[in-house]
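The residues making up each chain are set out below.
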Amino acid sequence: MLGPNGVVGPAEDYLCFLQNIGRSWHTTRGYASDLALYFDFLDRKGIDWREVGMPQIGAFAAHLRCTNRAEPNTGLILLRTAAPSRSPASIQRALTAVFGFYDFHADTPLADALTRSRQHRLDVRRYVSKDPRSVVAVKVPKKIKPCLSEEELVTVLTTPARLRDRLLLSTMGLNGLRVGAALGLRHEDIRVRKGELAVVPRDDNANNARAKRRSTLTVPLHPTVGRLYTRYLDEEYGDWDSDYVFINLWSTNAGAPMTYDSVRSLIARTSKAAGIPMTAHVLRHTFATLMRRGGADMETVSELLGHSSTDTTRETYVHTTVEDLRRALDRIEVEGANR
């Protein structure tokens, strides 16, 4: 990471530490971006990172609310009626990155203050979380994640003309995979006869694809995904000798595994052609929500998504809407009438 005076050694050490302990490449990249904002803020204020205390952290949080990530403007004064330039979730992630950085550099005054704050919370039995961000937290409002209806999902999955693109979208919409997991798929991971799909974490993917999990997850292969995979191999994949399932077939660098940028471009084209706003995460949210509405219990949905806790599934992916409650009431009414 570069600063006004060259490489920012303390931040580089922390980012290397994250990589060495197996943190996701996306997490490391996001933290690097947040730390770059933090050190830019310190440089503008003439503050030594080793002398930072809680007042400076509060000032940094205010700075984030008053500036835009793409076009920082430190002279901007945010009026009360104006919306913040960054979302609360983005500000919270930046603070988490900064606190993690100081936890790594444990010999600084701020790291000592964080430790004493946690201990105090434990002593008075008011401590809720060991996460350092609870010391200075930005309230992140809960909101329902966007989700497609069954009809919209079918439209999205059948919009691309090419089987490869349909298969890629289906792994997310019908099997709940993240983009990184889908791009990292090898042919050995899709077992059509057994009806299984394995998400295998690998650190050597040529396209830098990363599965968020650090252990292999094996889930049932959706029948539609299995059929699309078989057709894709017969009709489009041809004689390409590659371990990767999703490769470039019609563009430059043919035969190489597809990249994140390729998927973003595919989703943007599909969304425009179908007239349905969506992202890769919308497909994963849709998978989880439709599974839940179809009667699957929360534990099952959590297992299929590869979550370590049902709380993550409940808070992040599956949300109850008024229509869900209405359907539940209708079922109760029908069951009561049939008794």
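The following refers to the structure shown. (Residues numbered from 1 in each chain as written. Predicted model: local features only at pLDDT ≥ 70, side-chain atom pairs only at ≥ 80, totals over all residues. Heavy atoms only, no water.)

## Notes on the packing of helix 3 (residues 54–65) against helix 4 (residues 88–104)
Two elements in contact, helix 3 and helix 4, have axes separated by 10 Å at closest approach and are oriented at 150 degrees. As the angle between them shows, helix 3 and helix 4 are arranged roughly antiparallel. Our pair here, helix 3 against helix 4, has a crossing hand that is right-handed. Residues M54, I57, F60, A61, L64 and R65 of helix 3 lie in contact with helix 4, whose contacting residues are I91, A94, L95, V98 and F99. For the contact of helix 3 with helix 4, the residue count by class is 10 nonpolar, no polar and 1 charged. (Axes fitted to C-alpha atoms, helices over the stretch in contact; angles between N-to-C directions. Helix = DSSP H or I, 4+ residues; strand = E, 2+ residues; numbered from the N terminus. Parallel < 35°, antiparallel > 145°, perpendicular 65-115°, else oblique. Left-handed = near helix turned anticlockwise from the far one by under 90°. Contact = heavy atoms within 4.5 Å. Nonpolar A, V, L, I, M, F, W, Y, C, P; charged D, E, K, R; others polar.)

## Describing the side chain of R186
Tracing the backbone shows R186 in the loop between helix 8 (179–183) and strand 3 (190–191). Among the residues examined, R186 registers a relative accessible area of 10% and is labelled buried. Of the polar contacts made by the side chain of R186, one reaches the backbone oxygen of G184; its length is 3.3 Å. At a separation of 3.5 Å, a polar atom in the side chain of R186 contacts the side chain of Y244. Residues in contact with R186, not counting those within four places in the same chain, are R202, D204, N205, D243, Y244 and V245. (Buried < 20%, exposed > 50% of the residue type's maximum accessible area, 1.4 Å probe, protein only. Polar contact = N/O pair within 3.5 Å; in protein donor to acceptor, adjacent residues only side chain to side chain.)

## Re the pattern of salt bridges
What the rule picks out here adds up to 11 salt bridges. The closest approach of N and O atoms between R264 and D261, which form a salt bridge, is 2.4 Å. On the criterion of helical spacing, the pair formed by R264 and D261 is a turn pair, its members being 3 residues apart in helix 10 (residues 260–274). Judged by relative accessible area, D261 falls into the exposed class, the value being 53%. Here the salt bridges share partners, and the residues they tie into one network are E188, D189 and R202. (Salt bridge = Lys/Arg side-chain N within 4 Å of Asp/Glu carboxyl O.)

Function cannot be read off these values alone, since they describe shape.
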